[in-house]
Amino acid sequence: MMSYICILISVLLDLGVVNNVLATESLHNFCESDDCQSYVSDVEIYPYAFKPNFNMNLTERIHDIDHFKLSCKRLIEVFPLDQVDGNFVRTVKNCIFSESTPTPLKGPLKLAAFSKDVIENILDLDVSVTHAKDFVYYFSGGKLLPGSIPLAHRYGGHQFGYWSGQLGDGRAHFIGEFTNSKGATWELQLKGSGKTPYSRSGDGRAVVRSSVREFLCSEAMHFLKVPTSRASSLIVSQEPVWRDQFYSGNVKTERGAVVLRLAKSWFRFGSLEILADAGELDLLRKLLDFVIKEHFPTIDSNDPNKYLGFFSRVVTETAHLIAQWMSIGFAHGVCNTDNFSLLSITIDYGPFGFMESYNSNFVPNASDDEGRYRIGTQADVGMFNLERLLDALRPVLTHKQHQRAMDLLKDYPDIYHRRFHELFKAKLGLLGGAESDGYLIAFLLKLMEETGADFTMTFRQLSEASDTQLHSRLISQAMWALDDLASHKLFSDWLSLYLLRLSKQKGDTDVDRQRRMKTVNPRYVLRNWMAESAIRKAEMGDFSEVAALHQTLSRPYLKQDTAEDAGYSARPPLWAQKLPSSDSCEHSSVTVTLRHVRR
Ligand code: AMP
Ligand code: MG
């Protein structure tokens, strides 16, 4: 036994000093080495849905939806618009946006879910506006809000490793900005609101299933403290939309839906890439200057090294974001450069997935045949995307600045690793730093990988187990993930090391350790089977499970009776094992075409 441990330790230590981006893998492979609410029709699901928030003077909120005003001035004044008129598909040049009017969804429309948190605390709206007849029209593209000049954004991107040229908002409309009473400006977008000049061969629509997923996951990620776009409402229609969900030639009619989503900025790596590719360098500088001025206020706009400073920040924040994804077992699924935000927030939720049984090869996207975007390679893909971003910046950098940027990129693996290490240390309740912490983390992940223990619940149950329970190795069957982990012959060795490390934390108590760990280890994440179960009902017009999930996921660290009754923290049901990986990208003819190109 001891020699096995010694070998393992030496392997781990070797891998621990690997200083390249593959260290994500090294840690895995080493391893071989509140208040948001949902709302169904006119039925109030939660009796406290309209409970006033006493922190805010209610009179400040907007009660009449017609008084809700947006502004498009900032973007329209700074950037030239597409000179060609009309919503027809084309190659667009010399602009950042095209004017494009949303196509109203065919009714009757239904407000299937909304986020009370976003409505009240970001949009300053009184939640009663959700009852207004026009709410569903304004937030699905059927009617324009005062001040709205809808725009579609021109961007390109590297998809699955290859330059795809012009992509753009094929089915999303920017409808305006809103600056709230806290002084924060948010960009509002409708997703699924019809064709734009960037729709290529697509229909511009989003279906109920993918819209439910984006709505639920973006809100869930916010409450998991991960930088993300937000979702305000989900409106469903009777409009038929044809999709071949599993690329099996089995085209099915689904229903069109629109999500109102928000971000501080929707600009992506691909927003800059398309300008560099087209040689539109004045526009490239203009967009960079705008993003820096609006979103990176600590960078001096007169600094000759401002683009370098910007790149440095994106490198750091991208590394941090991916480390956060890893810390909750989140796989984005489509890490193309057009889906990577310049502000390093999680955007464009498609075939994402939360890893259940620990597996660094977990691929959530059914159409990602080669597993390019498997969970264990996300940090490497981040590096690839940053290299593409640097390619786009190259024309506006001097030779010396470009050299310096290359050096900055070399720091990316370390930046990623440091954050990964910090996050996992916190997940284990470790204070301060001990030399062996990296080993302790890596050892645990190794045991999880070999036993297939559930990622989320292993950490959660370690947070909930008392010191005494752990010392006595009395893991009850209710602690199902730890019970799985305990089947490993080295579990006891790992636990001894862990308890020894905890015992050296001066001034720490077991109660404090558990409390700390429960604030970083969620009890509930959006597992694929949970989303699937809610979607099956939603497709029949019953959004009660979407509401229940939304409610649960807005308090992911808090044990909730309704969530427990629904089995959200229990061992996944047997039928979940037979589920295919999550939805692939929204399966319009656009993605089908791309799939064939990739092969
Ligand atoms: P995604 O993979 O969802 O990020 O989309 C990549 C590109 O395909 C973007 O330009 C999208 O706007 C476009 N696209 C995807 N699905 C559709 C659709 N149903 N209609 C129009 N464009 C689409
Ligand atoms: Mg996208």
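Fair warning: this is a prediction, and the values are worked out from it, not measured in the lab.

Undergrad: Can you tell me about the packing of helix H14 (residues 455-464) against helix H18 (residues 510-518), naming the residues and giving the values?
TA: One way to put it is that H14 packs onto H18 with a least axis distance of 8 Å and a crossing angle of 155 degrees. By the angle class used here, H14 and H18 are roughly antiparallel. Regarding H14 and H18, the two cross each other, and that crossing is left-handed. Residues Phe459, Arg460, Leu462, Ser463 and Glu464 of H14 lie in contact with H18, whose contacting residues are Arg513, Gln514, Met517 and Lys518. Residue composition of the contact of H14 with H18, grouped by class: three nonpolar, two polar and four charged.

Undergrad: Explain the packing of aromatic side chains residue by residue, including any values.
TA: Counting across every chain of the model gives 28 aromatic pairs. Residues phenylalanine 160 and tyrosine 373 carry aromatic rings whose centres are separated by 5.0 Å and whose planes lie at 45 degrees to one another, so their mutual orientation is tilted. One end of the pair, phenylalanine 160, is in the loop between strand S4 (156-159) and strand S5 (162-166); the other, tyrosine 373, is in the loop between strand S12 (353-354) and helix H10 (378-393), and 213 residues separate them in sequence. A relative accessible area of 1% means that tyrosine 373 is categorised as buried. In this arrangement the basic side chain of lysine 225 is found over the ring face of tyrosine 557, its NZ or CZ atom lying 4.5 Å from the centre.

Undergrad: Kindly report on the site of ligand 1, identifying the contributing residues and their values.
TA: By nearness alone, 19 residues border ligand 1, and Gly168, Gly170, Arg200, Asp203 and Gly204 come closest of all. Take glycine 168: an N or O atom from its main chain is 2.6 Å from an oxygen atom of ligand 1. Considered on its own, ligand 1 offers 480 Å² of accessible surface; in the complex 93% of this is hidden by protein. A per-class count over the shell around ligand 1 returns three nonpolar, eight polar and eight charged.

Undergrad: Can you explain unusual backbone geometry? Please cite residues and give values.
TA: Apart from glycine, the bulk of residues carry a negative phi angle, and the bulk of peptide bonds sit in the trans form. Here the bond from glycine 107 into proline 108 is cis, since omega is 0 degrees, no more than 30 degrees from zero. Inspection of the secondary structure assignment puts proline 108 in the loop between strand S1 (97-99) and strand S2 (110-114). The backbone of aspartate 348 shows a phi angle near 55 degrees, a positive value even though the residue is not glycine. Summarising the element assignment, aspartate 348 is placed in the loop between strand S11 (330-331) and S12.

Undergrad: Before we move on, could you go through the coordination of the magnesium ion (ligand 2) and cite the residues and values that matter?
TA: Around the magnesium ion (ligand 2), the protein contributes the donor atoms Asn339 (OD1) and Asp348 (OD), which lie 2.1 to 2.2 Å from the metal centre. Taking relative accessible area as the criterion, asparagine 339 reaches 9% and is therefore assigned buried. The buried category is assigned to aspartate 348, whose relative accessible area is 13%.

Undergrad: Any details on helix H13 (residues 437-451)? Residues and values, ideally.
TA: The periodicity of an α-helix, 3.6 residues per turn, causes residues three or four places apart in sequence to face the same way. Here H13 contains 15 residues, and its C-alpha end-to-end distance of 21 Å stays within 8% of the 21 Å for a straight helix at 1.5 Å per residue. Here H13 lies mainly inside the structure; eleven of its 15 residues are buried. Among all positions of H13, only Asp437, Tyr439, Leu440, Ile441, Ala442, Phe443, Leu444, Leu445, Lys446, Leu447 and Met448 are buried. Positioned one or two residues after H13, glycine 452 has a phi angle of 70 degrees, which is positive.

Undergrad: Quick one: what's the story with the nonpolar core, residue by residue and with numbers?
TA: Taken as a class, soluble globular proteins show a tendency for nonpolar side chains to be buried jointly. Of all hydrophobic cores here, the largest spans 131 residues; its most connected members are Leu234, Phe267, Leu272, Phe310, Trp494 and Tyr498. Looking at this core, the element that brings in the most residues is helix H9 (residues 306-327), giving twelve residues. Structurally, this core is a two-domain feature, drawing no fewer than three residues from each of domain 2 (46-406 + 525-599) and domain 3 (433-504). Other than its neighbours up to four places away in sequence, tryptophan 494 contacts Leu428, Leu440, Phe443, Leu444, Leu447 and Leu462. Ile62, Phe68, Phe178 and Leu190 belong to the second largest nonpolar core, which has 30 residues in total.

Undergrad: Tell me what's going on with the pairing of S4, and back it up with residues and numbers.
TA: Burial along S4 is two-sided: the face carrying Gly156 and His158 and the face carrying Gly157 and Gln159 are both buried. Two elements, S4 and S5, share three bridges in a ladder whose sense is antiparallel. Bridge pairing in S5 links histidine 158 to tryptophan 163. What sits between the antiparallel neighbours S4 and S5 is a turn of two residues, in which phenylalanine 160 has the positive phi angle 50 degrees.

What counts and what doesn't
- Residues numbered from 1 in each chain as written.
- Chains lettered and ligands numbered in written order.
- Predicted model: local features only at pLDDT ≥ 70, side-chain atom pairs only at ≥ 80, totals over all residues.
- Heavy atoms only, no water.
- Axes fitted to C-alpha atoms, helices over the stretch in contact; angles between N-to-C directions.
- Helix = DSSP H or I, 4+ residues; strand = E, 2+ residues; numbered from the N terminus.
- Parallel < 35°, antiparallel > 145°, perpendicular 65-115°, else oblique.
- Left-handed = near helix turned anticlockwise from the far one by under 90°.
- Contact = heavy atoms within 4.5 Å.
- Nonpolar A, V, L, I, M, F, W, Y, C, P; charged D, E, K, R; others polar.
- Phe/Tyr/Trp six-rings, centres within 6.5 Å; stacked < 30°, edge-to-face > 60°.
- Buried < 20%, exposed > 50% of the residue type's maximum accessible area, 1.4 Å probe, protein only.
- Lys NZ or Arg CZ within 6 Å of the ring centre and 35° of its normal.
- Near = heavy atom within 4 Å.
- Polar contact = N/O pair within 3.5 Å; in protein donor to acceptor, adjacent residues only side chain to side chain.
- Areas by Shrake-Rupley, 256 points an atom, 1.4 Å probe, with all protein chains shown as cover.
- Donors = N, O, S within 2.8 Å, 3.2 Å for Na, K, Ca; no water.
- Expected span 1.5 Å × (residues − 1).
- Core = buried A, V, L, I, M, F, W, Y, C linked by side-chain atoms within 4.5 Å.
- Domains from an automatic or database assignment.
- Pairing = 2+ DSSP bridges.

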